[in-house]
Amino acid sequence: MRAVMALSGGMDSTGLLIRLLADGYKVSCISYEYGQKHNVELERACANIKYLEENGFEVEHRIVDLSSAMSIFHSALTSEDIEIPEGHYEEEQMKATVVPNRNAIFASIVYGYALSVAIRENIDVVIALGVHSGDHAIYPDCRPEFYDSLGEAFAIGNWDSEKVSFHLPYIDGDKESILRDSLISCKKLKLDFNNVFSNTITSYNPDEQGRSSGTSGADVERILAFHAIGRKDPVEYITSWETVLEGALKSQLRHYVMKKNGTERPFTGEYDKHYENGKYHCADCDKVLFTSEDKFDSGCGWPAFSSEESQANITQVKDVTHGMVRIEVRCSECDSHLGHLFHEYSGPRYCINSICLDFKGE
Ligand SMILES: [Zn+2]
């Protein structure tokens with residue numbers, strides 16, 4: 001059993017590599033140098049190859065330099081003058097981190113390499129891809145139909161293409177299931193899970209010592225995946241694990257409330273009993289929404305305001321979910337869900353989720 005794969009140094013491809021070894025494949029890996037800001041990922045990939053070697057697993061590993069070709073592409077991952085966005089994965093925001101046509105280019109090279117191995121060793125070769133459904137919404141070149149079409153095109157364009165096929169063991173999974181699978185693979189191969197994953201990096205913008213900020217969209221997904229399997233991420237972050245986990249959970253809650261019209265649990269929000277003087281901004285777009293002058297204690301468990309800031313222009317939408325007729329309120333600037341507006345005998349009450357607000361004191 002022969003496999004060829006791209007090892008990025010991230011957690012998905014690392015999980016895939018040990019899974020292939022656990023399944024009994026002889027594996028050849030390619031890592032790409034393409035001018036990425038997170039170049040430390042190549043060092044981590046090499047460290048894991050070395051670790052595997054020390055434990056008796058021989059893996060062929062080649063680093064392919066594409067930095068010249070890809071320097072002409074526009075992306076926050078490779079261009080010094082474009083900043084990498086922070087926060088939970090959000091389609092518009094994360095488009096900046098797409099390198100145009102990257103996966104098609106990588107797949108072409110892997111295909112050529114796999115075909116070369118197949119011809120050289122006269123053996124059938126699988127191209128293993130760590131693609132998973134968690135990626136789809138964000139990156140169109142992670143979609144299975146894209147790889148199906150590419151596979152067809154490559155097969156049409158090459159002799160001996162019947163020797164090469166695609167293998168996508170994680171296609172129905174997500175980052176959490178990859179980690180769970182990796183626990184099983186590590187146990188089977190007698191490898192140390194923490195050692196393997198300390199030799200990975202997910203952050204797009206690590207500091208000079210290679211430490212992750214823990215705040216980029218990719219970081220947040222990773223942190224939540226480790227949290228979901230009940231383990232501490234062995235990778236080094238700039239701040240403590242407790243701090244990055246708290247931030248990731250906050251980011252997840254913010255996404256759920258503001259983008260999925262969710263509601264935070266009552267009496268849990270940061271601003272429920274908060275009465276300093278200042279302004280409350282939209283946590284997503286920073287528009288001023290409320291001021292401390294209009295804030296009062298409604299006793300309902302969420303921050304309450306009797307009025308909105310004069311320029312806020314908050315959007316009101318009729319909401320008939322949960323068997324009630326209510327007025328939903330949304331940010332007029334970024335259209336994020338904020339909470340509800342109730343008209344009571346004492347006057348209006350804006351009932352707002354704390355997580356949607358950023359307080360700035362006077
Ligand atoms: Zn907003």
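Residues numbered from 1 in each chain as written. Predicted model: local features only at pLDDT ≥ 70, side-chain atom pairs only at ≥ 80, totals over all residues.

Details of the overall build of the protein chain
Then, number 1: In terms of helices and strands, the protein chain carries 10 helices and 14 strands.
Then, number 2: Dimensions of the protein chain along its principal axes, counting C-alpha atoms only, are 80 × 45 × 40 Å.
Then, number 3: Scored against the burial criterion, the 362 residues of the protein chain give a buried share of 40%. (Helix = DSSP H or I, 4+ residues; strand = E, 2+ residues; numbered from the N terminus. Buried ≥ 20, exposed ≤ 12 C-beta atoms within 10 Å, placed from the backbone.)

Details of unusual backbone geometry
Then, number 1: With a phi angle near 65 degrees, Asp160 is a residue other than glycine that sits in the positive phi range.
Then, number 2: Examined against the element boundaries, Asp160 turns out to sit in the loop between helix 6 (144-156) and strand 5 (164-167).
Then, number 3: Judged by local crowding, Asp160 falls into the exposed class, with 10 C-beta atoms found within 10 Å.
Then, number 4: Even without being a glycine, Asn261 presents a positive backbone phi close to 55 degrees.
Then, number 5: For Asn261, the location among the structural elements is in the loop between helix 10 (241-259) and strand 6 (278-282).

Comments concerning the packing of helix 9 (residues 217-228) against helix 10
Then, number 1: With their axes 9 Å apart at the nearest point, helix 9 and helix 10 run at an angle of 105 degrees to one another. In terms of their interaxial angle, helix 9 and helix 10 are classed as roughly perpendicular. On helix 10, the residues that touch Val220, Ile223, Leu224 and His227 of helix 9 are Val244, Leu245, Ala248, Ser251 and Gln252.
Then, number 2: Here the residues of the contact of helix 9 with helix 10 are counted per class, giving six nonpolar, three polar and no charged. (Axes fitted to C-alpha atoms, helices over the stretch in contact; angles between N-to-C directions. Parallel < 35°, antiparallel > 145°, perpendicular 65-115°, else oblique. Contact = placed C-beta atoms within 7 Å. Nonpolar A, V, L, I, M, F, W, Y, C, P; charged D, E, K, R; others polar.)

Regarding helix 10
Structural remark: α-helix, 3.6 residues per turn; residues separated by three or four positions point the same way.
Then, number 1: Given a rise of 1.5 Å per residue, 19 residues ought to cover 27 Å, and the 26 Å separating the end C-alpha atoms of helix 10 matches this to within 8%.
Then, number 2: Taken together, the buried positions of helix 10 are Val244, Ala248, Ser251, Arg254, His255, Val257 and Met258.
Then, number 3: On the buried face of helix 10, the contacting elements are helix 9 and strand 12 (337-344).
Then, number 4: Phi turns positive, to about 55 degrees, at Asn261, one or two residues after helix 10. (Expected span 1.5 Å × (residues − 1).)

Here's the deal with the sheet that holds strand 2 (residues 26-33)
Then, number 1: Ordered in space as 3-2-1-4-5, the five strands form an open sheet in which the pairing is parallel. Lying at the two open borders of the sheet, with one neighbouring strand each, are strand 3 (60-65) and strand 5. Neighbour-to-neighbour, the strand axes of this sheet turn through a mean angle of 25 degrees, independent of strand direction.
Then, number 2: Here strand 1 (residues 2-6) runs beside strand 4 (residues 125-128); their pairing, made up of four bridges, is parallel. Bridge assignment links Ala3 to a residue of strand 4, and that residue is Val126. (Pairing = 2+ DSSP bridges.)

Quick look at the packing of helix 7 (residues 175-189) against helix 9
Then, number 1: Running from N to C, helix 7 and helix 9 cross one another at 50 degrees; their axes reach a closest spacing of 8 Å. It follows that helix 7 is oblique to helix 9 by the angle criterion. Handedness of the helix 7/helix 9 crossing: right-handed. Note on element contacts: helix 9 touches helix 7 through Glu221, Arg222, Ala225, Phe226 and Ala228, opposite Lys175, Glu176 and Leu179.
Then, number 2: Considered class by class, the residues forming the contact of helix 7 with helix 9 number four nonpolar, no polar and four charged. (Left-handed = near helix turned anticlockwise from the far one by under 90°.)

Describing the pairing of strand 10 (residues 315-319)
Then, number 1: For strand 10 and strand 11 (residues 326-330), the ladder comprises five bridges, and the chain directions are antiparallel. Of the residues in strand 11, the one forming a bridge with Asp319 is Arg326.
Then, number 2: Counted along the chain from strand 10 to the antiparallel partner strand 11, the turn is six residues long, and its residue His322 has a positive phi close to 55 degrees.

Here's the deal with the pairing of strand 12
Then, number 1: Pairing of strand 11 with strand 12 involves four bridges; the strand directions are antiparallel. Residue pairing for strand 12: Ile327 is matched across the bridge by Leu341.
Then, number 2: Where strand 11 folds back on strand 12, the antiparallel hairpin that results is connected by six residues, among which Asp335 adopts a positive phi of roughly 65 degrees.
Then, number 3: The pairing of strand 12 with strand 13 (residues 347-352) spans six bridges and is antiparallel. If you follow Gly339 over to strand 13, its bridge partner there is Ile352.
Then, number 4: Between the antiparallel neighbours strand 12 and strand 13 lie two residues.

Any link to function would need more than the numbers given here.
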